[in-house]
Amino acid sequence: MDLRLSPEDLAFRDATRRWFEANTPRQELKTLEDKREWHRALYDAGFIGMGWPRRYGGQEASALRQAIVADEMARINAPPPLNPLGIAIVGPTLIHHGTEAQKERYLRKILTAEELWCQLYSEPNAGSDLASLRTRAEDRGTHFEVTGQKIWTSYATLADWGLLLARTDPAAPKHRGISCFLINMRQPGVEVRPLRQITGTSEFSEVFLTGARVDRSDLVGRPGQGWEIAQTTLSYERGGNALARVTRYASAFHELVRATRALTRGGRPLLDDPLVRARLGRIYAELEVQRYAALRVLSALDRGETPGAAASVTKLSYSEFEKRFLESALEILGPYGQLTGGLPEALAARITASSGHGETWAYAFLWSRAGTIYAGSSEIQKNVIGERVLGLPKEARPDRVRA
Amino acid sequence: MRFAFSDDQVLLRQSARAFLDEHCKSEVVRALWEDPRGESEALWKDMAALGWLGLALPEGHGGSGLGMVETAILLEEMGRVAYPGPYRDTVLAALALAEAGTEAQRRRWLPAVATGGARATIAFVDAEPTWDPEATGTRAEPAGGGWRLSGVKAVVPWAHVADFILVPARAPEGLTLFLVEPSRPGLAQSVLAGMDLGTRWVSLRLDGVAVGPEAVVGEPGAAAPVLDRALARGAVAASAEMLGAARRSLDMSVAYAKVREQFGQPIGAFQAVRHKCAEMLVDVENAHAATYYAAWALDAGAEDADRAPSVAKAFVSEAARRVCGEAIQVHGGIGFTWEYDLHLFFKRAKALEVMYGDADWHRERLVRRVAGG
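No experiment lies behind these values; they were computed from the predicted model shown. (Residues numbered from 1 in each chain as written. Chains lettered and ligands numbered in written order. Predicted model: local features only at pLDDT ≥ 70, side-chain atom pairs only at ≥ 80, totals over all residues.)

Chemist: Help me understand the overall build of chain B, please; the structure alone is not making it clear to me.
Modeler: Helix and strand content of chain B: 11 helices and 9 strands. Whereas a compact globule of 373 residues would reach a radius of gyration of roughly 21 Å, chain B reaches 21 Å, a difference of no more than 12%. Considering only C-alpha atoms, chain B reaches an extent of 80 × 45 × 40 Å along its principal axes. Across the 373 residues of chain B, 57% fall into the buried class. Taking the contacts inside chain B whose residues are at least 6 apart along the sequence as the reference set, 74% of them involve residues at least 24 apart. (Helix = DSSP H or I, 4+ residues; strand = E, 2+ residues; numbered from the N terminus. Rg over C-alpha atoms; globule rule 2.2 N^0.38 Å. Buried ≥ 20, exposed ≤ 12 C-beta atoms within 10 Å, placed from the backbone. Contact = placed C-beta atoms within 7 Å.)

Rendered as structure tokens:
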């Protein structure tokens, strides 16, 4: 047990901190061009694709170094890089399953954000049960023709390309009839409609595919291998968020404490109220436990261990904590917590929600409802933990693929 | 950065588990529950021979000079078997003496503790039910060259078997810690029954107990920081033991859910049960992270060493209560019987939940440190 950074990692952290202090844009990045310029600066500094193999333009940096960079960005509230799905999911998928021609064509432009990517997986009737997806890709010889609807697609409005799962063999068992494709989003058969969420904002979209074309050369792996590819994709971007997420929670907590000093009730600061203090104490203790747990995960990743199903414990734990935290924060702030505009100066701090957007308490509170649904709902995580970590018997399900 | 046990620490855990599985089986624990003294001299001597009693004591005084991480490893294993006895409280008292005692006190008592020849405890709680040293009402009135101690120490763990008791009292100089041997005239004890019979509580009445200057641990008026650190170690120690009780309860629940059948299938196949077990695992893993982070922070003198033990105690107190309680729920009727072992862990967790500051107290302590007021 030694939770201190080594002298080398400490030096790396200090250098990283200095770089962000000197280079983080002071103005909000409004246009895509501004954001590309910032991304390019991050790329040139070696902060993009840190976990990727060197031969594909990465750094092969340790999980800890990746976490240090993400944490320093969270600390200074730096704007995020572009193309997170391209870098975290599409690139590693191509490195593992792609042809040489695909790697040559796509990888570098993913890292430089010259081409932006989205992931076309979920469908209106295929959420937790993703393998029941119905979007069809019909083989037309030189190309495939894709028809169907995707939903909950992040970055779809910006994306040039999408990583697509579609059914190529309706007769096969449901997990075996799916193929994986790279689809050009800039074509007439692809229509993106931003989805307005309960936050009032549109981080996600619906994507309608009507006879959209995918060249045969953009099939990833073999026909029917799509489900396997989606399940086995290795992510090189590991540990990146473990600490940064907690750092964002901690910043929000300190803003909350500041608000309880500024707001008064009966002429006394809220901070003097024992009930408020009890709530703050509970949030702080849980927040610190999240930090310790993140360090433990990071340490395991850094030693080359793959968390596997244990990652479900982490995801379940922090996403449920985030809801409790923001529910409690809004209770403390009373009528002010739910305001989406016109907040008093003392409360006007920008709270960076786990979406990465800096907004109000109300936005962060609403956004926290997403975390226990996306990327495997809490109920799915509990199934995974029960079956694959604790070894409890599987539930009888008609669609199980026999191994 | 490494959040994992060293090879030596893994070995320590394995040997502790092997020893306790053999020598502290549930039959042994249950026999000690019925025993008026509540602990086993044989077990104590074995633990001394294994080096457990001197584990964290200074090498110059018969100890091994290891830290809270190793102590927590042992205590987690003890929680796993609901070990009954004064191990934890003896270690806490000895560490306070090692840190703040005079050289004469250290020479007299530490080697004795390390070799199994002395047991000890700290009398944190007065008549008011709080572990806060600032609430101490017991008085130390100057008399001759020394003091006379008067007051009530309501719930002192294992005082009936202790060879010395560390007693905080208010002297004219301020809060002072006294080393009191229970044979002193004016000290009356009555043993109290708690739901966890593996933890014995004693009520002490001090009626003008005369002590000399040699009984002062450190300097008069200097007890507050000593007690603060003793409480921090107590918080980590209790967290480790609660973690052990919780992990054992989870293990038993998972094993049971695999074999107990209802409606023609193992109950673990039902999501209602499986999800409960998954939630228990999240609590146990987080309790592990909290406990060992705090133990490391104390050993390393980390900048958050004054907060991490409170984080651990605040979190693990509730997590262990949830896990040990849900274990009974997963088991159903059998979990509610005296003959089944689950209640040993449920009750141990409950006893530890209130010791060395409960969750509310530690949360308030955290808010004072991070937000002031």
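Chemist: Where do I start with the interface of chain A and chain B in this structure?
Modeler: Many structure descriptions define interface size as the accessible area lost when the parts assemble. Contacts between the two partners involve 39 residues from chain A and, on the opposite side, 37 residues from chain B. Of all the secondary structure elements, the ones that give two or more residues to the side of chain A that touches chain B are helix H8 (274-302), helix H9 (311-333) and helix H11 (378-389) of chain A. A per-class count over the side of chain A that touches chain B returns 21 nonpolar, 5 polar and 13 charged. (Nonpolar A, V, L, I, M, F, W, Y, C, P; charged D, E, K, R; others polar.)

Chemist: Even after reading the chapter, I still don't get the nonpolar core, so can you show me in this structure?
Modeler: One broad trend across soluble globular proteins is that nonpolar side chains are buried collectively. Grouped together as the largest cluster of nonpolar side chains are 240 residues, with contacts concentrated most on A:Phe181, B:Phe178, B:Val236, B:Ala246, B:Ala290 and B:Ala320. If one sorts the elements of this core by residue count, helix H7 (residues 223-259) of chain B sits on top with 19 residues. Those residues in contact with B:Ala290 that sit more than four places away from it in its chain are A:Val289, A:Tyr292, B:Ser239, B:Val311, B:Ala312, B:Phe315 and B:Val316. (Core = buried A, V, L, I, M, F, W, Y, C linked by C-beta atoms within 7 Å.)

Chemist: For this particular structure, what's the right way to read the pairing of strand S3 (residues 143-154) of chain A?
Modeler: Looking along a regular strand, one sees side chains alternate from face to face of the sheet. Residue and element names in this part refer to chain A. Relative to S3, strand S2 (residues 136-139) runs antiparallel, the two being bridged by 4 bridges. Bridging across to S3, Arg136 finds its partner in Thr147. Pairing of S3 with strand S7 (residues 204-215), which is carried by 9 bridges, proceeds in the antiparallel orientation. Counterpart to Ser154 in the pairing with S7 is Phe204. (Pairing = 2+ DSSP bridges.)

Chemist: Would you take a moment to explain the packing of helix H3 (residues 63-76) of chain A against H8(A) for this structure?
Modeler: When two helices pack together, their arrangement is captured by the angle between the axes and the distance separating the axes. Residue and element names in this part refer to chain A. H8 packs onto H3 with a crossing angle of 140° between their chain directions and a minimal axis gap of 8 Å. By the criterion of interaxial angle, the relationship of H3 to H8 is oblique. Touching Ala63, Leu64 and Ala67 of H3 are Leu298, Leu301 and Asp302, all from H8. Residues of the contact of H3 with H8, tallied by class, amount to 5 nonpolar, no polar and 1 charged. (Axes fitted to C-alpha atoms, helices over the stretch in contact; angles between N-to-C directions. Parallel < 35°, antiparallel > 145°, perpendicular 65-115°, else oblique.)

Chemist: Could you clarify how one ought to interpret the confidence of the model for chain B in this entry?
Modeler: Should the pLDDT be low somewhere, the predicted coordinates at that spot are not to be read in detail. Here chain B averages 97 in pLDDT, while 100% of its residues score no lower than 70. Two summary scores accompany this predicted model of the complex, namely pTM at 0.95 and ipTM at 0.96. (pLDDT = per-residue confidence, 0-100.)

Chemist: Where do I start with helix H5 (residues 87-100) of chain B in this structure?
Modeler: Two residues of an α-helix separated by three or four positions point the same way, owing to the 3.6 residues in each turn. The end-to-end C-alpha separation of H5(B) is 20 Å, in line with the 20 Å expected for 14 residues at 1.5 Å each. Considered for burial, the residues of H5(B) that qualify are B:Tyr87, B:Arg88, B:Asp89, B:Thr90, B:Val91, B:Leu92, B:Ala93, B:Ala94, B:Leu95, B:Ala96, B:Leu97 and B:Ala100. (Expected span 1.5 Å × (residues − 1).)

Chemist: What is the right way to look at unusual backbone geometry in this model?
Modeler: Most peptide bonds are trans, and most residues other than glycine sit at a negative phi. Residues and elements named next belong to chain A. Although it is not a glycine, Ala113 adopts a positive phi angle of roughly 65°. Counting through the fold element by element, Ala113 comes out in the loop between helix H5 (100-111) and strand S1 (117-120). Within the chain, Tyr155 stands out as a residue other than glycine whose phi angle is a positive 65°. By C-beta crowding, Tyr155 is classed as buried, having 20 other C-beta atoms within 10 Å.

Chemist: Where do I start with the pairing of strand S7 (residues 201-211) of chain B in this structure?
Modeler: Residue and element names in this part refer to chain B. The pairing of strand S3 (residues 146-157) with S7 spans 9 bridges and is antiparallel. Within the sheet, the bridge partner assigned to Leu149 lies in S7 and is Val209. Taken together, the 6 bridges between strand S6 (residues 187-192) and S7 define a ladder with antiparallel strand orientation. Bridging from a neighbouring strand, Leu187 pairs with Leu206 of S7.

Chemist: Explanation requested: helix H2 (residues 32-44) of chain A in the structure shown.
Modeler: Taking 1.5 Å per residue, 13 residues should reach 18 Å; H2(A) reaches 18 Å between its end C-alpha atoms and fits that length. Trailing H2(A) by a residue or two, A:Gly46 shows a phi angle of about 85°, which is positive.

Chemist: Before we go on, may I ask you to explain the environment of B:Val152 in this structure?
Modeler: Residues and elements named next belong to chain B. Relative to the elements of secondary structure, Val152 occurs in strand S3. Distance from Val152 to Ala188, taken between C-alpha atoms, is 9.7 Å for residues 36 residues apart in sequence. Beyond its immediate chain neighbours, meaning those up to four positions away, Val152 contacts Asp126, Ala127 and Arg205.

Chemist: Which parts of the structure should I look at to understand the packing of H7(B) against helix H10 (residues 342-353) of chain B?
Modeler: Residue and element names in this part refer to chain B. Running from N to C, H7 and H10 cross one another at 155°; their axes reach a closest spacing of 9 Å. Here H10 runs roughly antiparallel to H7, going by the angle between their axes. Taken as a pair, H7 and H10 cross one another with a handedness that is left-handed. Only Leu342, Phe345, Arg348, Ala349 and Leu352 of H10 make contact with H7, whose side of the interface consists of Ala238, Glu241, Met242, Ala245, Ala246, Arg248, Ser249 and Met252. Looking at the contact of H7 with H10 residue by residue, the class counts come to 9 nonpolar, 1 polar and 3 charged. (Left-handed = near helix turned anticlockwise from the far one by under 90°.)

Chemist: Sorry, what's going on with the environment of B:Ala287 here?
Modeler: All names here are of chain B. One can find Ala287 in helix H8 (residues 271-300). Accessibility expressed as a C-beta count within 10 Å gives 28 for Ala287, which makes it buried. For the pair formed by Ala287 and Ser239, sequence separation is 48 residues and the distance between their alpha carbons is 7.8 Å. Among residues more than four places away in sequence, those in contact with Ala287 are Leu243, Ala246, Phe315, Val316, Ala319 and Ala320.

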